[in-house]
Amino acid sequence: MVEDNPVNQEVVREMLTELGHEVELVENGKLAVEASANADFALVLMDCQMPVMNGYDATRAIRAREGGGPRTPIIGLTAHAMRGDAERATSIGMDDYLTKPITMARLRDVVAHWIDGAGAREPAPSAEAPATVLDPAVQRSARVLTLALAQLPKSLSRVTEAARSGDHEALAREVHKLKGSCLALGAGRLAAICAAAQERPADLDIGELEAAARELTVAMEGESKARAAESAR
Amino acid sequence: MSILRKKRRVMVVDDDEIVLEVTREHLQLAGFEVVTRASSLGTSAAVAREKPDVVLMDVDIPGLAGDAAAKLLADQARPPIVILYSSAPKEKLVELARRCGAIGVIEKTASRELFLAQLDACLATTVRRPSAI
């Protein structure tokens, strides 16, 4: 198990022990690469975000060393139930992933599948859903929806202005702020566009961002009307 | 409800009105008392006045960066537990938290379960270190 958070270390170690497995723990990707070179593990549970070396880089290093030889199953532990994380995990060589917080049922399922090859795994829940315009699994209050409908045009206007002025520093700042709002709302698609623009402001397609914002506005207006109709009944 | 959440008073500092409101709802529905601030400036005085047990501090906030504001809180007579609260990459947050004396980090999310799981994980570390409470 590769995990830097002491609480997660303890929780998952207890779960694995209860499932009858021996657990060796290291706290970052660099140590995981070293440990896996010196011993055979039936399975590696790899946190994706860690200091020193993250789980993605560690997985790449382990896969590079394995070459065409025996392949240790690596299960990514991600904090985000978003398609981008899942795709990233599997595209860089992880075999599967679990979204935190990890439940005993999901852990048992995934470990049984990859160690015994016997698991009839249920598909991962929200982690396999695409980044939605407005996550239907999240409950937003009427007050939050009203606030967001009032604030989104202002945020969008600041982003557009920064993009048109060519001020990449200001643009990165504005999309970071908009990303925070979107994450709090469950607006995954616009959050993902903002996250990419924060990394590479010069590559922002402002038309794509505006289209995603329009879709989000329509979705929030719909949800707001539905909420009002519910409370009127 | 987790024992960690009983009768805790939380101050949320964030310049985004949506984040403040969503976070207030996450916390209140879990049984916390909540006070919010839209600016990091004056947080030390507000903490002295409001006496929160926990401060959730945004990092990229105009005026005074969240990690700098967190450092100032350490000088309080009764320093609160500080947790950095951001959508910045977790590696950056963990490093900032280490430098500014915050006990942990919470990544912004619309999922109440995910938010509370992160908060519980942070608060659990203070249970192991009673002197930090």
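Predicted model only: the values in this text are computed from it and were never measured.

About the criteria used
- Residues numbered from 1 in each chain as written.
- Chains lettered and ligands numbered in written order.
- Predicted model: local features only at pLDDT ≥ 70, side-chain atom pairs only at ≥ 80, totals over all residues.
- Heavy atoms only, no water.
- Helix = DSSP H or I, 4+ residues; strand = E, 2+ residues; numbered from the N terminus.
- Buried < 20%, exposed > 50% of the residue type's maximum accessible area, 1.4 Å probe, protein only.
- Contact = heavy atoms within 4.5 Å.
- Areas by Shrake-Rupley, 256 points an atom, 1.4 Å probe, with all protein chains shown as cover.
- Expected span 1.5 Å × (residues − 1).
- Polar contact = N/O pair within 3.5 Å; in protein donor to acceptor, adjacent residues only side chain to side chain.
- Pairing = 2+ DSSP bridges.
- Axes fitted to C-alpha atoms, helices over the stretch in contact; angles between N-to-C directions.
- pLDDT = per-residue confidence, 0-100.
- Salt bridge = Lys/Arg side-chain N within 4 Å of Asp/Glu carboxyl O.
- Right-handed = clockwise from strand over helix to strand, strands pointing away.

**Student:** Can you tell me about the overall build of chain A, naming the residues and giving the values?
**Tutor:** Each helix and strand counted, chain A has nine helices and three strands in total. What you see in chain A, going N to C, is helices and strands ordered as α-α-β-α-β-α-β-α-α-α-α-α. By the burial criterion, 44% of the 233 residues in chain A qualify as buried. Of all intrachain contacts in chain A linking residues separated by at least 6 positions in sequence, the fraction that spans at least 24 positions is 59%. For chain A, the accessible area works out to roughly 11,600 Å², and carbon and sulfur atoms hold 52% of it.

**Student:** If you had to explain helix H1 (residues 17-29) of chain B to someone new, which residues and values would you point to?
**Tutor:** All names here are of chain B. Its 13 residues place the ends of H1 18 Å apart at the C-alpha level, agreeing with the 18 Å of an ideal helix rising 1.5 Å per residue. Buried within H1 we find Ile18, Val19, Leu20, Glu21, Val22, Thr23, Glu25, His26 and Leu27. Between the side-chain oxygen at the start of H1 and the backbone nitrogen of Ile18 there is a gap of 2.8 Å, and the oxygen is on Asp16. Gly31 sits one or two positions beyond H1 and adopts a positive phi of about 100°.

**Student:** Give me unusual backbone geometry: which residues, what numbers.
**Tutor:** With a phi angle near 70°, Val52 of chain A is a residue other than glycine that sits in the positive phi range. The backbone phi angle of Lys51 of chain B is positive, close to 50°, even though this residue is not glycine. Residue position: Lys51 of chain B is located in the loop between helix H2 (43-50) and strand S3 (54-57). Judged by its relative accessible area of 49%, Lys51 of chain B is partly exposed.

**Student:** Quick one: what's the story with the sheet that holds strand S2 (residues 74-78) of chain A, residue by residue and with numbers?
**Tutor:** Residue and element names in this part refer to chain A. Spatially, S1-S2-S3 is the arrangement adopted by the three strands of the open sheet, whose pairing is parallel. The sheet is open, and its two borders are formed by strand S1 (44-47) and strand S3 (96-99), each paired with just one other strand. Strand-to-strand twist across the sheet, computed as the mean angle between neighbouring axes with direction ignored, equals 30°. The pairing of S2 with S3 spans four bridges and is classified as parallel. By the bridge assignment, Ile75 is partnered in S3 with Asp96.

**Student:** Describe the confidence of the model for chain A, and please don't skip the residues or the numbers.
**Tutor:** Residues and elements named next belong to chain A. Scored by pLDDT, chain A comes out at a mean of 84, with 90% of its residues at no less than 70. Per-element averaging of pLDDT across chain A places helix H4 (residues 83-91) at the bottom with 66 and helix H6 (residues 142-165) at the top with 95. When the criterion is pLDDT under 50, residues 118-129 qualifies, and its contacts beyond four places in sequence or with other chains add up to 27 contacts.

**Student:** Account for the pattern of salt bridges, naming residues and giving values.
**Tutor:** Scanning all chains against the criterion turns up 21 salt bridges over all chains. Here Asp95 of chain A ties to Arg63 of chain A by a salt bridge, and the two come within 2.7 Å at their closest N and O atoms. Of this pair, Asp95 of chain A sits in the loop between H4 and S3 while Arg63 of chain A sits in helix H3 (residues 55-66); the two residues are 32 residues apart in sequence, bridging distant segments of the chain. Here the two residues Asp95 of chain A and Arg63 of chain A agree in accessibility, since each one is buried. With a closest N to O distance of 3.4 Å, Asp15 of chain B and Lys177 of chain A form a salt bridge. Placement of the pair is Asp15 of chain B in the loop between strand S1 (9-13) and H1 and Lys177 of chain A in helix H7 (residues 168-185), with the two residues belonging to separate chains. When its relative accessible area of 25% is taken as the criterion, Lys177 of chain A is described as partly exposed. Overlapping salt bridges bring together Arg63, Glu66, Arg71 and Asp95 of chain A as one network.

**Student:** Would you mind going over the sheet that holds strand S5 (residues 104-107) of chain B in detail, with residue names and values included?
**Tutor:** All names here are of chain B. What the five strands build is an open sheet, ordered S2-S1-S3-S4-S5; its pairing is parallel. At either end of the open sheet lies a strand with only one pairing partner, and these are strand S2 (33-37) and S5. On average, adjacent strands in this sheet sit at an angle of 25° to one another, irrespective of strand direction. As defined by bridge partners, S1 adjoins S2 across five bridges and the pair is classed as parallel. For Arg9, the partnering residue across the bridge sits in S2 and is Glu33.

**Student:** Describe the pairing of S3 of chain B, listing the residues and the values that go with them.
**Tutor:** Residue and element names in this part refer to chain B. Taking every second residue as pointing to the same face, both faces of S3 are buried, with Val54 and Leu56 on one and Val55 and Met57 on the other. Looking at chain direction, S1 and S3 are connected through four bridges and run parallel. Bridging across to S3, Val13 finds its partner in Met57. The sheet contact formed by S3 and strand S4 (residues 81-86) spans four bridges and is parallel. When the sheet's bridge partners are listed, Val54 is paired in S4 with Ile81. Running through helix H3 (residues 66-73), the crossover from S3 to the neighbouring parallel element S4 is right-handed.

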